[in-house]
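# Descriptive structure summary
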Amino acid sequence: MRGRNRCRVLSLAAAVLFIGSALGQTSGKIGGVIIDKATREPLIGANVMLVGTAIGTVADLQGNYYIINVSPGTYAVQANMIGYRPIRMEHVRVSVNATTTLRFEMEKTVLQGEPVVVTASAVSFKKDQTSSIRNVSADQMARLPVENVDQVVNMQAGIVAGHFRGGRTSESAFMIDGLQVVNSFSEYSRQSVYVEKETVQDLEVIKGTFDAEYGRAMSGMVNAVTKDGGNAWRMQVSGGFSNFLTSHDDIFIGLGSSGALSRNLSRDYKAQIEGPILKDRLSFFVNYRKQDNRGPINGIRRFNPWDYSVYPSNDPASWHIEHTGDNRYVAMQRDFYDNLLAKLTLKPFSNFKVNLLYTFNGSKSRQYDFAYKYNPDGLGWNFGDVRLGTADVNHMLSRSLYYNLKLSYSDRREESYLYENPLDPRYISPNYHGSRETGFYTGGMADPGKRMDAFLRGDAKFDLYWQANRNHGFKTGFLYTSHVVDRDRIDVRNLYDGLPEANDMAVDWETGKITFPNYIPEIIPVTENTVGIYRVKPREMSAYLQDKMEFEEMVIKLGLRYDYFNANFHYPSNFRNPGNQLSLPDSMMSTYPANTPRTQFSPRLGLSYKLSDQAVLRFSYGHFFQMPQMYALFEDNIFRVSPFNYQTTMGNSQLKAEKTVQYELGIWQQLMPGMGLEVSVYYKDIYNLLSTKVMTTYNQIRYGLFTNKDYGNARGIELSWDYVTGRVSSIVNFTYAFTRGVADNPRETFTRAGNSMDPISRLIPMSWDQLYTANATIAYSARNFDVALTGYLNSGTPYSYAPPGYSPLYRINLYQNNSKKPVSTSFDLSAGYTVPLFGRHSLRLTLNAYNLFDRLNAAWVYSDTGDPGSTIVTEGDLLNHRSDFNDYYDRINNPTAYSYPRSVKLTVGYGF
């Protein structure tokens, strides 16, 4: 009875200690044991507190303790016991979904004195890691020479330009505060909402296997935990200006000319403020960034869109030339961004917390086409804005039980046009483009019309965590997602289309100006036969259960996940007559039944074993499912087939989920105090990859149908080395990997068939396959000064060598991706100096240099030479080039074939 009463007292004491705790919407855990150093006996009832907070607990009858639901960050943790000298562990890092294990060995004392201060060991955090997870704190990101979160992610071993361990870019998922913010429709990228690195408290990058609570992705997860407002007022404002300083102005024309300082000058303005509204109860955090980014590629305004030039023969007397431009350089890469994040944190009770978050991403980007080099004003614009609102409730029911309820709604809009009004009188006849004997457009502009897409998404997520005892922590939850995909566009045609008068020219005999008077734009009405305009409402749901078993030397994570997806659409019953365009007997006509919902179960297993106080061994295995991007379900939504072969690609709402089975083995070793080495090896099979198979209608027309057909695999080894000593820190990431498959993208098989090329019958390297990648960062930080240098080394990715027509190799059917691009290297530098003003106020000067040594790295290469700056030129090529202002080699000198040259950015900031 006495023992039971003692347990009740301990539980009550722990609950009292937890009052006022700072709960996080995505959080971690601190746990461990407290013992007498001499006798090794547990210290029952010892207090454990997070210094500077009200978060704490007491040790149980075995000396064990745990504190759950701790916000990510760096803490000092102190153990106290009457008759013992206190111990304070500093630099204790807590990351999302991770346990930091701390062991306190206390010594008896007669007089209560100052606590013994020690530093938490690296193994206290690594012991919990069962897969390749990289947590990057706000302080670490601030020291890196990077501009955004994406750059931080791509620095991690195993990630190459958005490809996680060899997967396609559409196979990873992005989260903000534990809620997915993915673009489920796009063919290329899944990230939908962007947050600035200054708003992130902890960035969790999972490169391989992940727990059962994570899903709808096959290759990787990125979780950005945003900052809360605090009890102290803080503010930072800054203005940054950058430009290109390069010797390669023969490729990047105009950068060395007068006016380049203003023409290619990028501007970057930031403002951030946080503070309390009601101390300890209500706080806010606001971050805003406005950018006017200009790339290094310039055009020359030799022509205006209304100019018309034609070079019909080699006789210059037959040429008609109009060039009314001012011949000035024009920046052809313009991007405008507005990003806002606002967060309100409410703590009405000590065990109850609500976060309200709103983000806005607005963008306006100039479309780029090398063919408009001398007519830059003819290009259109892409517009986008994304709004996200979330509500997050965190309720601590007891010291061992809490739940999170998250609700979110996102609204993403995308448009593209040159002039907002599709009937704007400034639109002109497409005939002004000319016939491009010069290799470039000598007039003309983007086609009239307007694309308008809306993607709406609502999420409801509930998670329950129960620390049943010292060894078992159970977590369960569900997620429901509702989508609305609303695709619309305005098509415009010339009233004279199809008539001979459409090409009639009028000549002003005084000026020689040629015009096309018979251009009267009209909007094409939308009918039941219009392809690509639709509104659909897919929905999906998932649930999971996992048990995290923590023992003295081992951690085991065991979980099971269930996923459900319903396209909420229909499909044709007969793909040989999918749109009933052929009038045939009923047995050869299509009906349109509802699609079959897709479900799957995903087992997950991860374990880590502490080999010693300086080494941890881990293993993980899992099945990971993901539905293909939604464009593949709804493309050609009315199932109409073009009358020409290989002109139609049709969506398929009966698609199955793609599947990855992955294995991973890793070891972490502390080589010396402050120095660690982590090695991971992985292998994964990728099944049911999205592909396109060739279908044939009854009238022998071939078209493409999206299907689950492709297979791929990836394997590799990753090494991460880090070292921190005093003011100097360094980290090295290295990856050696192979990625194999049968198609770079889902349309590849269909495209090859349309080009009369043999199908690929064996596994080949993918276009993003890099044999090795490496980056190294060394940083020095003093009180008012810091500097960091990062170097990158990347092997070349594959390209498809295509021999010229006169080569004997031309007759050989070579597989794709049969050669390698050149190796690339670059260095980035960041240096900052803080000027104290008064009190907490200061000025901050920051200098960033990207591609410090101005390396000319290849982004793509010509298929016949493997070089970005040269291709084989025949005598016929030269004879067919006709121009009064350039030569044939002007076509070859394409600046997009290279990565950006050196740029330098200077930022001045003020803060307190």
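All figures in this text were calculated on a predicted structure; none of them were measured in a lab.

### Remarks on the packing of aromatic side chains
- This structure, assessed with the given rule, holds 37 aromatic pairs.
- Between Phe 210 and Phe 624 the ring centres are 4.6 Å apart and the planes differ by 50°, which places this aromatic pair in the tilted class. Residue Phe 210 is located in the loop between strand 14 (200-206) and strand 15 (220-226), and its partner Phe 624 is located in strand 35 (residues 615-626); the two are separated by 414 residues in the primary sequence.
- A relative accessible area of 0% places Phe 624 in the buried class.
- Between Phe 336 and Trp 381, the aromatic rings sit 6.3 Å apart at their centres with planes inclined by 40°, giving tilted as the arrangement. Pair noted here: Phe 336 is in strand 21 (residues 334-349) and Trp 381 is in strand 23 (residues 381-398), with a separation of 45 residues, a long-range link.

### Here we look at the pattern of salt bridges
- Counting across every chain of the model gives 56 salt bridges.
- A salt bridge links Glu 196 to Arg 289; its shortest N-O distance comes to 2.7 Å. Pair noted here: Glu 196 is in the loop between strand 13 (179-180) and strand 14 and Arg 289 is in strand 18 (residues 282-294), with a separation of 93 residues, a long-range link. Residues Glu 196 and Arg 289 agree in their burial class; the two are buried.

### Some thoughts on the sheet that holds strand 3 (residues 56-58)
- On the basis of which strands lie adjacent, the open sheet formed by five strands has the order 3-2-5-6-8 and mixed pairing. Across the chains shown, the open sheet's two edge strands, defined by having one partner strand only, are strand 3 and strand 8 (116-119). Averaged over all pairs of adjacent strands, the angle between their axes in this sheet comes to 20°, without regard to strand direction.
- Bridging between strand 6 (residues 87-94) and strand 8 involves four bridges; their strand directions are parallel. Residue pairing for strand 8: Ile 87 is matched across the bridge by Val 116.

### A closer look at the nonpolar core
- Counting residues in hydrophobic clusters, the biggest one holds 27 residues, and the most contacted among them are Phe 185, Val 485, Phe 634, Met 650 and Tyr 703.
- When contributions to this core are tallied by element, the ones reaching two or more residues are strand 31 (534-536), helix 6 (631-634), strand 38 (675-696) and strand 39 (702-725).
- In terms of residue count, the dominant contributor to this core is helix 6 (four residues).
- With near-sequence residues (within four places) excluded, Val 485 lies in contact with Phe 185, Ala 454, Phe 455, Tyr 534, Arg 535, Val 536 and Met 630.
- The next biggest cluster of nonpolar side chains, apart from the first, holds 26 residues, and it includes Ile 176, Leu 203, Phe 285 and Tyr 792.

### As for the pairing of strand 15
- Counting buried positions along strand 15 yields seven of seven residues, so the element is predominantly enclosed.
- Side-chain alternation along strand 15 places Gly 220, Val 222, Ala 224 and Thr 226 on one buried face and Met 221, Asn 223 and Val 225 on a second face that is also buried.
- Across five bridges, the pairing between strand 12 (residues 172-176) and strand 15 is parallel. The partner of Ser 172 across the bridge, within strand 15, is Gly 220.
- Of the pairings in the sheet, the one linking strand 14 to strand 15 comprises six bridges and is antiparallel in character. Bridging across to strand 15, Ile 206 finds its partner in Met 221.

Reading guide: rules and limits
Residues numbered from 1 in each chain as written. Predicted model: local features only at pLDDT ≥ 70, side-chain atom pairs only at ≥ 80, totals over all residues. Heavy atoms only, no water. Phe/Tyr/Trp six-rings, centres within 6.5 Å; stacked < 30°, edge-to-face > 60°. Helix = DSSP H or I, 4+ residues; strand = E, 2+ residues; numbered from the N terminus. Buried < 20%, exposed > 50% of the residue type's maximum accessible area, 1.4 Å probe, protein only. Salt bridge = Lys/Arg side-chain N within 4 Å of Asp/Glu carboxyl O. Pairing = 2+ DSSP bridges. Axes fitted to C-alpha atoms, helices over the stretch in contact; angles between N-to-C directions. Core = buried A, V, L, I, M, F, W, Y, C linked by side-chain atoms within 4.5 Å. Contact = heavy atoms within 4.5 Å.

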